[in-house]
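# Report on the structure
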Amino acid sequence: MPTYKNPFVHGNMFLILTIEFPDTLTADCQKGIRQFLPPPLNVPKVKEDDPNVELHKVTDLDPVASYNANKVHMSTGGEAYDDDDEDGPRGGGGGGVQCQQQ
C-alpha cells in the first residue's frame, strides 16, 4: 500500500482475521457442508514432489516491528508534497511589476 502523502514509498497492509473452526467434523457433516458450497476452483493437477513445483511457506510477521522498520522509508521523500505557500505568493497575483497596455 502507498504511504500517506508519499505514493512512491510502499508499506505493508495487515489484515486481522478471526476465524473459528470446529475441532472435528463427522463424515455426514462434511457431506452436508459440501452440498452448500460450490465445487473447488483450483484442483491440484500436480503433486508436491514434482520437480516443476516450487513450495512456499507463509511466515508470521509482527505488524508493529514491520511498521517500526519502515518508519525510515516513510519519513523520507515528502518534500515533493510540501506546501509552496510558505514563501508567499508567486506570480500571477498581487503587487509587482505589471505590463503596460498600449
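See the structure above.
Residues numbered from 1 in each chain as written. Predicted model: local features only at pLDDT ≥ 70, side-chain atom pairs only at ≥ 80, totals over all residues. Heavy atoms only, no water.

Take the overall build of the protein chain next. When helices and strands are tallied, the protein chain shows 2 helices and 2 strands. Out of the 102 residues in the protein chain, the part that is buried amounts to 4%. Considering only residue pairs separated by 6 or more positions, the protein chain has 55% of its internal contacts joining residues 24 or more positions apart. Accessible surface, the protein chain: about 10800 Å² in total, of which carbon and sulfur atoms supply 55%. (Helix = DSSP H or I, 4+ residues; strand = E, 2+ residues; numbered from the N terminus. Buried < 20%, exposed > 50% of the residue type's maximum accessible area, 1.4 Å probe, protein only. Contact = heavy atoms within 4.5 Å. Areas by Shrake-Rupley, 256 points an atom, 1.4 Å probe, with all protein chains shown as cover.)

Now for the pairing of strand β2 (residues 6-10). In this structure, strand β1 (residues 2-3) lies alongside β2, joined through 2 bridges in antiparallel fashion. Looking at the pairing, Thr3 lines up with Asn6 of β2. Between the end of β1 and the start of β2, which pair antiparallel, lie 2 residues, with Lys5 showing a positive phi angle near 65 degrees. (Pairing = 2+ DSSP bridges.)

Bringing a nonpolar patch on the surface into the picture now. On the surface, Met13, Leu15, Leu17, Ile19 and Phe21 cluster together into a nonpolar patch covering about 650 Å² of accessible area. Position of Leu17 relative to the elements: it lies in the loop between β2 and α1 (27-36). (Patch = residues over 30% accessible without salt bridge, like charges linked within 9 Å, V, L, I, M, F, W, Y side chains within 5 Å. Salt bridge = Lys/Arg side-chain N within 4 Å of Asp/Glu carboxyl O.)

What follows concerns the side chain of Ser66. Tracing the backbone through its elements, the reader meets Ser66 in helix α2 (residues 63-75). Judged by relative accessible area, which is 9%, Ser66 ranks as buried. Excluding its chain neighbours within four sequence positions, the residues that come into contact with Ser66 are Asn12, Phe14 and Leu61.

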